Structure formats: structure tokens, C-alpha cells
Amino acid sequence: MVEQSEQVRVTLSDGTSVEVPKGATVADVLALWKKSPNGWVAARLNGRLLDLNAPVEEGGALEPLSPESPEGLEILRHSTSHIMAQAVQELFPGTKIAIGPAIENGFYYDFDSAQPFSPEDLEKIEAKMAEIIEARLPFRREEWEREKAIALFRDRGEKYKVELLEELQDATVSVYRQGDFVDLCRGPHIPDTGYVKAYKLLSLAGAYWRGDERNPMLQRIYGTVFPDKKALKKYLDFLAEAQRRDHRRLGRELDLFSFSDEVGAGMVIYHPKGALLRHILETFEKKEHLRRGYQIVMGPTLLKTELWKRSGHFDNYRENMYFTEIEGQSYGIKPMNCLSHMLIYKSKVRSYRDLPIRYFELGTVHRHEKSGVLHGLLRVRQFTQDDAHILCTPDQLHGEIQGIVDFVIEVMGLFGFSYEMEISTRPEKSIGTDEDWERATRALMAALEDKGIPFQICEGEGAFYGPKIDVKLRDALERKWQCATIQCDFTLPERFDLTYVGPDGNRHRPVMLHRVILGAIERFLGVLIEHYAGAFPTWLAPVQAVLVTVTDKQLPFAREVYERMREAGVRVEIDERNEKLGFKIREAQMQKIPYMLVIGDNEVEAGAVRPRQRDGRQLDLMSPEAFIELIRAECLEGSGGRIGLGAV
Ligand SMILES: [Zn+2]
Ligand SMILES: [Zn+2]
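Parameters and conventions
- Residues numbered from 1 in each chain as written.
- Chains lettered and ligands numbered in written order.
- Predicted model: local features only at pLDDT ≥ 70, side-chain atom pairs only at ≥ 80, totals over all residues.
- Heavy atoms only, no water.
- Axes fitted to C-alpha atoms, helices over the stretch in contact; angles between N-to-C directions.
- Helix = DSSP H or I, 4+ residues; strand = E, 2+ residues; numbered from the N terminus.
- Parallel < 35°, antiparallel > 145°, perpendicular 65-115°, else oblique.
- Left-handed = near helix turned anticlockwise from the far one by under 90°.
- Contact = heavy atoms within 4.5 Å.
- Nonpolar A, V, L, I, M, F, W, Y, C, P; charged D, E, K, R; others polar.
- Donors = N, O, S within 2.8 Å, 3.2 Å for Na, K, Ca; no water.
- Tetrahedral: all angles 85-135°; square planar, octahedral: opposite > 155°, others 65-115°.
- Buried < 20%, exposed > 50% of the residue type's maximum accessible area, 1.4 Å probe, protein only.
- Polar contact = N/O pair within 3.5 Å; in protein donor to acceptor, adjacent residues only side chain to side chain.
- Disulfide = S-S within 2.5 Å.
- Phe/Tyr/Trp six-rings, centres within 6.5 Å; stacked < 30°, edge-to-face > 60°.
- Lys NZ or Arg CZ within 6 Å of the ring centre and 35° of its normal.
- Pairing = 2+ DSSP bridges.
- Core = buried A, V, L, I, M, F, W, Y, C linked by side-chain atoms within 4.5 Å.

Visitor: When you look at the packing of helix α4 (residues 146–155) against helix α5 (residues 159–167) in this model, what are you seeing that I'm missing?
Guide: Each packed pair of helices is defined by two parameters, the angle between the axes and the distance between the axes. As a packed pair, α4 and α5 sit with axes 8 Å apart at the nearest point and diverge in direction by 165°. By the angle between their axes, α4 is roughly antiparallel relative to α5. Here the hand of the crossing between α4 and α5 comes out left-handed. Side by side, α4 and α5 meet where R146, A149, I150, F153 and R154 of the first sit next to K161, V162, L165 and E166 of the second. Class assignment of the residues belonging to the contact of α4 with α5 gives a composition of five nonpolar, no polar and four charged.

Below is the structure:
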């Protein structure tokens, strides 16, 4: 008599239900179902991740993972890090392995090797990986007693794995093998190395073991992998384009700003063109805020530490602040601009008739960021916010928030950014009454709903002092950046006892909004440089036009035109260097100047200029005055009517 093997019933993602012998592999079950264009990489059975060659020991819901799915892609990426580590150990015997996780857009592995890796080594490693992939080595999972696993890795000289194992509590651990390579790993992994079809090693970096600078410095190799060649190419093209637009490179090439070790990390030094660009943005901001009923204020940079204690910053934010002592008195350098604004509010008795009050400051703040996270203009230690604080009655809250949302939308449109909005609600640890939170959160939502703006809710992600709207803008490469925020605050009006006299003659608490539109100007400039790839629209360009003569003979006329334009407020340069015309033209193109005016005998004779646009288009001959008008019109159009000539 043949014994019936035990059967289990498995239900697949589309509702198909199949009966299979207990112990059949996940791959066996999926073979009965359907194919995925790039194969399945792993699966979830009743929520638990499994390798494809794992046995199905129980019935239930089986969800296969394709390499296109977020989890499947992560498994593919992490598996490729194992393959890279195998290649490295085969090429560089004695190299110890640390950790090799999947990350956003790829993976890395950290190595301890006596020999420093070079970019040429990356090519060798890639070639070795190709051999391993070609060999279709299966990934085999093994369960080991922890003590035995420690002995195994100690034998192999893998001290980092031993250290990791010694910290684990588990009695048994899993290791994965492919070929002679062994790694401590939870898995799951792709069934065999042949599943990797489109990969690329990208870069080298140093990284401390466990991110701690007291530990040895390891060598990190970054790579990426995609389900197919097409997706990989798309990503590599994106990387190349991002590199072309990199604001740190453009900042140098366009002579906008620099950083200096002598000054200190995270402190921006603005060169003339960068400072001018910032000046234009700031002019725009001041005009725009005044137009919208804000008042410009300015507060000091150093404020007594006592005040930071009262505001709660000393208790909650001290690690990010810089302190100094003068004549025995301790001061904190402001990380935020709120405090002076509240002191201005408190400088006299306020009536409901005075509200809303909107204080605006281009406030320069300092925040201590770890040196590891500093990144060009995007992450700095000193920056200037376009910061405002609005104090209003509860009834005015809705209208005020709407006003800010309108402001954000208009400004983002001007720069050609699309955006997404998020509302963050009450976190577990928070202050203020339920009623306060309810009203403020409602007001934030209503302001977006009234405009028909879709938004995401980030449950419990608000600040402890109130809910907020975050605006994430998308640049030309579809990357998301946090810029504007609108935050309600219930604490500071309490702590500083801000009041207004209501129609009933009693004192009431105003509601306070903190908000920025561009956010940190430094960061916004960085995003802007990358968004435009350094080719700023005419209204923002630090140099709008450059005059170039064919020979020195035309110089007197060129100088005259230059003077007329400069007088009118056009940001113009004249290239009087003793260089060839072609050289000067190329240089102006590299500088991405919107207009080039080449002056030859014809122009001198006609007393006119023939502007050539940055994209190479040639305009008709026109008088210098007509050209000035053209620039003025372009500035006004670009800035939504706010900025004309001369950044005013
Ligand atoms: Zn692994
Ligand atoms: Zn504030």
C-alpha cells in the first residue's frame, strides 16, 4: 500500500488555490501557477519571507515576489552584495567582510583589506562577478548553532562576523553559501547567482566599522542592480544627469560659492555671483512678503541662555546649538528665529484689532550637524531661513493657513517646481489640548481641501508642539526636496504668555504659526542650481548678458553699450581679454549666460546689437535700448512681475 503524502492548500495572490504535498518547495508551487517576466526572487508565506527552494510546511497565503516589487528588488540587491563580496574575496584573498545591505537604489559591502581598492579594481570585481553569475551558483541556506557558526567564521578569519554573532541572542542562526563564499544572513536570497542580469559597481568610499570613528576604517564599495538592462540604463543615465547638475561642481564652475577647511565645515562662502544670486532671491522675498502684509523684522544672533531655557530649546535642542560666554554671561547662538519675534509681539499690549500680525525675517541660524551628513549647500551648519511667525486669533487660523498655501503654490510655480503636500498629526508625546489639536489639524486640512490640493496624512509625525504641513517639491530630475513648512504651535504662546485683548475686554491666547516658503536659502539655492543645471532664467542670472568684440577695434562702441546697459540696471559684463573670439564665445556658453552680444563692424556701423541666446538662437539687430527693454520684460515675466532690472 502506497502511503498518501500529507497535502497542504496554498492560496496565491490572485485567489488561485492549489493543493501540494507538504514539503514541496515554494518554486514547485509557483511553477504550477504563472511566470513573471524576470522570474520570482522569493516569496512570502503567511507573511513570512522564504527562499524559493524553501519547503512549504504549512498551508496558507503565498505571495511570490518579483524583482520589480520593492521587497523583491531589495532581495535582488542584497543578494548581489553577496556576489560582489565573493568576487572581492576571490580576487583579494585575506579580505575580511563586514556588512553588505541593500540601500535605496542599490547596495554596498564594507571590506577590511590590506590593499586599498582603486577604480580599476571595480572593473576587475565586475568581471569576476560576471563569472560567478554565469556559473549560476545556488544560494544555499543553512541553520547553524550559534556557537558553531562563531567557530566557522573564526576559522575563516572573519572577525567582524564573529563580533556580530557574539552579540546575537539566538540559539541558532542562518548562513548562506554560494560556491565557497559564506555569509551570516537572515535571507531570503535569490535562488541562484544567475538571477542577476543588470548590475554596475559605482563608487568607493571609506566607512568606519559600525559608523564609529574609534573603529577601523573599512573600504565600502557601492553598486546597483536592476531587474533588467533597460531599468539599469535608465538609472545610470539619471546618475550621469545628476552629476552634470551637481550644485557643488556647478558652484565651482560658475564661481558662485566655496567651502574652506580654514573656515570650518558646513559654512558657505559666497563669491560675487553667488552673493548676487542670493541678493536677487532675497529682494524677491522681501517684496513678496511686504505685498502680502508681512512686516520685516530683525533679531539678534546671540540670545541669553536663560531665554533658551524658557523656550524649551535648551532642554530639547541643546546638542544642535552653539553656546558662548561673554563677561560671565552664557549666550546661545540662535538655531531658530522665533524668540525675538515673540519679544516684539510682547513689547506692547495687543488687541484683537491688531491681529493677524505677520513678522518676517531673513534669519540666519546655526545648527550643529555632524560632519558626516554635511553635503554642499543642501546640508550646512549656518543658513538663512525665509522665516515668518504669524500670531492670530483662532478664528483667523484657517484664512492665514490658506494665505500661506497660496504663497507656496505661487512661488513654486514661478520656479517650475511641482510639489506634494503632507500633513503630520499629533504624536504620542505632545502638549496642548485635544481641542487645540483638532482645530489646528482641521484648519491645515481645510486649507488644502479648499484648494483641491491632494495631501498625505503622516499619522503621529507632527512636532510635539503642534501639527504641520510639509511641502515636498520635485525638481527637474523628479527628486523630492523638503522646502516649505507650515507649523501650528501651542507651546510658545503659553511659555511666553502672549496675549491679546478680545472684544470682550479679556485677555486671550493667540495662535502661533511658524512658516518658511523657500526654507533655508542655502538649500533652496542648491536645489535651484541643480534644477536649472546652472542655466538660470534671466531674472535670476547673476550675469544676464556679456559683450564680446570681434577685434579691439569695436571696443569703444562696446564700452559705450556696456555703460548704457549697466546704467539701466542690466547685469552685464564685457570681455576685454586678449583672447580669440571663439574662446570668448565658448567661455560665455560655459558660464551659461542668457545673452551674448558679439560686436563686429556691422553692429558698430548700425549702432545696434544682435543678441544671441544661450541656446544658440540669434535675434534680429536691435538698438541697445530695445535690448534693455527685452531684458526688463523677461525679468518681470520670469519673476511674476516682482523683479525688473537691477534686482529691484
Ligand atoms: Zn544576505
Ligand atoms: Zn519659529
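Having seen it, we continue.
Visitor: What's the story with the coordination of the zinc ion (ligand 1) in this structure? I'm lost.
Guide: Around the zinc ion (ligand 1), the protein supplies H78 (NE2), H82 (NE2), C185 (SG) and H189 (NE2) as donor atoms, at distances of 1.9 to 2.3 Å. Geometry at the zinc ion (ligand 1) is irregular, judged from the four donor atoms that bind it and their angles of 93 to 138° at the metal. As a motif over one chain, the donors of the zinc ion (ligand 1) read H-x3-H-x102-C-x3-H. Here the two residues C185 and H189 agree in accessibility, since each one is buried.

Visitor: Would you take a moment to explain the environment of L597 for this structure?
Guide: Among the secondary structure elements, L597 is positioned in strand β31 (residues 595–599). A relative accessible area of 0% means that L597 is categorised as buried. The spacing of L597 and L45 is 552 residues in sequence and 69 Å in space, taken between C-alpha atoms. Ignoring any residue separated from it by four or fewer positions in sequence, one finds L597 in contact with V546, L547, V548, M565, V609, R610, P611 and F627.

Visitor: Can you walk me through the side chain of D183 in this structure?
Guide: Relative to the elements of secondary structure, D183 occurs in strand β11 (residues 181–184). With a relative accessible area of 2%, D183 lands in the buried category. Polar side-chain contacts of D183 include one of 2.6 Å to the side chain of Y109.

Visitor: What is the right way to look at the state of the cysteines in this model?
Guide: Among covalent bonds in proteins, the disulfide is the one between the sulfur atoms of two cysteines. The final tally for this structure, using the stated rule, is zero disulfides. C488 takes part in no disulfide bond, and the closest cysteine sulfur to it belongs to C392, at a distance of 8.4 Å. On the accessibility criterion, C488 (0% relative accessible area) is buried.

Visitor: So what exactly am I meant to see when it comes to the packing of aromatic side chains here?
Guide: For any pair of aromatic rings, the description consists of the separation of the ring centres together with the inter-plane angle of the planes. For the structure shown, the criterion picks out 21 aromatic pairs. Geometrically, the ring pair formed by W33 and W40 is stacked, given 5.9 Å between the ring centres and 20° between the ring planes. By relative accessible area, which is 17% here, W33 ends up buried. By relative accessible area, which is 15% here, W40 ends up buried. Members of the aromatic cluster, each reached through a chain of ring pairs, are F284, F415, F417, F524 and W539. Here the guanidinium or amino end of R318 rests over the ring plane of F314, the centre of that ring lying 4.5 Å away.

Visitor: Would you mind going over the sheet that holds strand β32 (residues 611–613) with me for this structure?
Guide: Within a sheet, each strand pairs with its neighbour through backbone hydrogen bonds, oriented either parallel or antiparallel. Pairing is mixed in the open sheet, where four strands are placed in the order β30-β29-β31-β32. The strands lining the two open edges of the sheet, one partner per strand, are β30 (572–575) and β32. The mean inter-strand angle of the sheet, taken between neighbouring strand axes irrespective of direction, is 25°. Looking at chain direction, β31 and β32 are connected through three bridges and run antiparallel. Residue pairing in the sheet places L597 in a bridge with P611 of β32. Strand contacts of helix α19 (residues 624–638): β29 (545–549), β31 and β32, with the helix running at about 175° to β31, the strand carrying the most contacts.

Visitor: Teacher, can you tell me more about the nonpolar core here?
Guide: Proteins that are soluble and globular tend to have nonpolar side chains buried together. Counting residues in each nonpolar core, the largest one holds 86 residues, and the members touching the most others are F415, I469 and L540. Sorting elements by how many residues they give to this core places helix α12 (residues 397–415) first, with nine residues. Counting 33 residues, the second-largest nonpolar core is a separate cluster that includes M84, F111, L137 and C185.

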